Amino acid sequence: AGLEIQGLGVEQPSGPMPVLWLHNCADVLVSGSRLSREAELFLRISGRLSRNISLLGNDLRAVRRLADFEEGAAPSAVALSGNLLRGQVPAGVAP
């Protein structure tokens, strides 16, 4: 099995702490998340066993930094698809 987080809504991010912290997690899906206020960091991934973490269809425009990696976690552990990110104009929308 794995972990599935759908529709996470965060009203008040916790300062410098990440919105989510995954340690040695595998087969994780985070989808439909939305932050109503600015957050410094959305996701911290730690541990060399972390893998197959997918961020799908999240509104992350209020996030300054998407992810950081600690204790042997690799950036290749994360896949992104269909997320709204800070500073990016969605495809098909005229600036």
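Preceding block: the structure.
In this text, all values refer to a predicted model and were calculated from it rather than measured experimentally.

**A few points about unusual backbone geometry**
Positive phi is not limited to glycine here, since Asp-27 has a value of about 60°. In this structure, Asp-27 sits in strand E4 (residues 26-31). The partly exposed category is assigned to Asp-27, whose relative accessible area is 37%. In this model, Glu-71 sits at a positive phi of 50°, which is unusual for a non-glycine residue.

**Some remarks on the environment of Arg-48**
Within the secondary structure layout, Arg-48 lies in the loop between strand E6 (39-46) and strand E7 (51-56). The exposed category is assigned to Arg-48, whose relative accessible area is 67%. Remark: the alpha-carbon pair of Arg-48 and Ala-77, spanning 29 residues in sequence, is separated by 9.5 Å. When neighbours within four sequence positions are excluded, Arg-48 is seen to be in contact with Asn-24, Glu-71, Gly-72 and Ala-73.

Rules and cut-offs
Residues numbered from 1 in each chain as written. Predicted model: local features only at pLDDT ≥ 70, side-chain atom pairs only at ≥ 80, totals over all residues. Heavy atoms only, no water. Helix = DSSP H or I, 4+ residues; strand = E, 2+ residues; numbered from the N terminus. Buried < 20%, exposed > 50% of the residue type's maximum accessible area, 1.4 Å probe, protein only. Contact = heavy atoms within 4.5 Å.

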